Amino acid sequence: MTDQTVWGNQLYDHLVEYGVSLFAYVPDAGHKVMIQRSLDDPSVASVPLTTEEEGVAMAAGAYLGGGKSVLLMQSSGVGNCINMLSLIAFARFPFVTFVSMRGEFGEQNPWQIAMGQAVRPSLESIGTLCLSVEQAEDVIPTADAALGMAYKSQCGVAVLLSQKLLGAKAF
């Protein structure tokens, strides 16, 4: 487990420098730094969602309006929006999501394991590219790769923030 305040702040700054102006999220401890920074930053829009699939639609709208966005969600949310994610491949718009993973290394919640293990195959089957991060020093290069891939190729990219990075929860 690494200190989220360090890489979380670096990642937030990097996203804003890249031009991301919309942060859509479902509340999650794995994204607490980026969520709080986006709420405190008057230069960006920070939108809490009732379900993750709303974030896919918001990303499409942001792109159509000339903006850049990211969706912050937990791995369990991937299952909630898999149908909506098919829109990305069909409509060919850039989509970047940062997924705080559960059901991996050290998971102690049995109900998190099934979806955690299904995230990558589910996303890849719908045409979303997946990039994994296990160490803090890989957060920024992976985010940069994801942003470039999505916005230059008009495709969907998910950055999977592993439990080795975030730390496994003991509940």
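Details of the structure are given in the entry above.
Conventions and cut-offs
- Residues numbered from 1 in each chain as written.
- Predicted model: local features only at pLDDT ≥ 70, side-chain atom pairs only at ≥ 80, totals over all residues.
- Heavy atoms only, no water.
- Helix = DSSP H or I, 4+ residues; strand = E, 2+ residues; numbered from the N terminus.
- Rg over C-alpha atoms; globule rule 2.2 N^0.38 Å.
- Buried < 20%, exposed > 50% of the residue type's maximum accessible area, 1.4 Å probe, protein only.
- Pairing = 2+ DSSP bridges.
- Right-handed = clockwise from strand over helix to strand, strands pointing away.
- Axes fitted to C-alpha atoms, helices over the stretch in contact; angles between N-to-C directions.
- Salt bridge = Lys/Arg side-chain N within 4 Å of Asp/Glu carboxyl O.
- Contact = heavy atoms within 4.5 Å.
- Polar contact = N/O pair within 3.5 Å; in protein donor to acceptor, adjacent residues only side chain to side chain.

**Student:** Would you explain the overall build of the protein in this entry?
**Tutor:** Along its length, the protein carries seven helices and six strands. The N-to-C order of helical and strand elements in the protein reads α-β-α-β-α-β-α-β-α-β-α-β-α. In terms of overall size, the protein behaves like a compact globule, its C-alpha atoms giving a radius of gyration of 15 Å where 171 residues would be expected to give roughly 16 Å. Referenced to the eigenvectors of the C-alpha coordinate spread, the extents of the protein come out at roughly 40 × 35 × 30 Å. Burial statistics for the protein: of 171 residues in total, 50% are counted as buried.

**Student:** Quick question: what am I supposed to make of the pairing of strand β5 (residues 129-133) here?
**Tutor:** Two faces make up the sheet, and in a regular strand the side chains alternate between them. Both β5 and strand β6 (residues 156-161) contribute to a ladder of five bridges, which runs parallel. If you follow V133 over to β6, its bridge partner there is L161. As for the winding sense of the linkage, the β-α-β connection from β5 through helix α6 (residues 139-153) to β6 is right-handed.

**Student:** Is there a simple way to think about the sheet that holds β6 in this case?
**Tutor:** Strand pairing within a sheet occurs via backbone hydrogen bonds; the two strands may be parallel or antiparallel. In space, the six strands of this open sheet follow the order β2-β1-β3-β4-β6-β5, with parallel pairing throughout. Each of the sheet's edge strands pairs with one partner strand only, and the pair in question is β2 (45-48) and β5. Between one strand and the next, the sheet's axes are offset by a mean angle of 20 degrees, whatever the strand orientation. Of the pairings in the sheet, the one linking strand β1 (residues 20-25) to strand β3 (residues 68-74) comprises five bridges and is parallel in character. In the sheet register, Y25 faces β3, and the bridge partner there is L72.

**Student:** Before we go on, may I ask you to explain the pattern of salt bridges in this structure?
**Tutor:** Side chains that carry opposite charge are capable of pairing whenever their charged atoms lie near each other. One pass over the full model with this rule turns up four salt bridges. Between E107 and R102 there is a salt bridge, and its shortest N-O distance comes to 2.9 Å. The residue E124 makes a salt bridge to R120 at a minimum N-O spacing of 3.2 Å. Within this pair, E124 and its partner R120 are both found in helix α5 (residues 110-125), separated by four residues, close to a single helical turn. Look at E124 and you get partly exposed, because its relative accessible area is 42%.

**Student:** Any chance you could explain unusual backbone geometry here in plain terms?
**Tutor:** Most peptide bonds are trans, and most residues other than glycine sit at a negative phi. If you check the backbone angles, R92 has positive phi at about 55 degrees while not being a glycine. The exposure class assigned to R92 is partly exposed, which follows from its relative accessible area of 47%. Positive phi, normally seen in glycine, also occurs at Q154, with a value near 50 degrees. Topologically, Q154 is positioned in the loop between α6 and β6.

**Student:** I would appreciate a short explanation of the side chain of S100 in the present structure.
**Tutor:** Positionally, S100 belongs in strand β4 (residues 95-100). Filtering out sequence-adjacent residues up to four positions away, S100 remains in contact with D28, G30, H31, M73, Q74, S75, L161 and L166.

**Student:** Please explain the environment of D28 as it appears in this structure.
**Tutor:** Relative to the helices and strands, D28 is located in the loop between β1 and α2 (32-40). For D28, a relative accessible area of 10% corresponds to the buried category. Not counting chain neighbours up to four residues away, the residues in contact with D28 comprise I35, Q74, S100 and K169. A distance of 2.4 Å separates the side chain of D28 from the side chain of S100, its partner in a polar contact.

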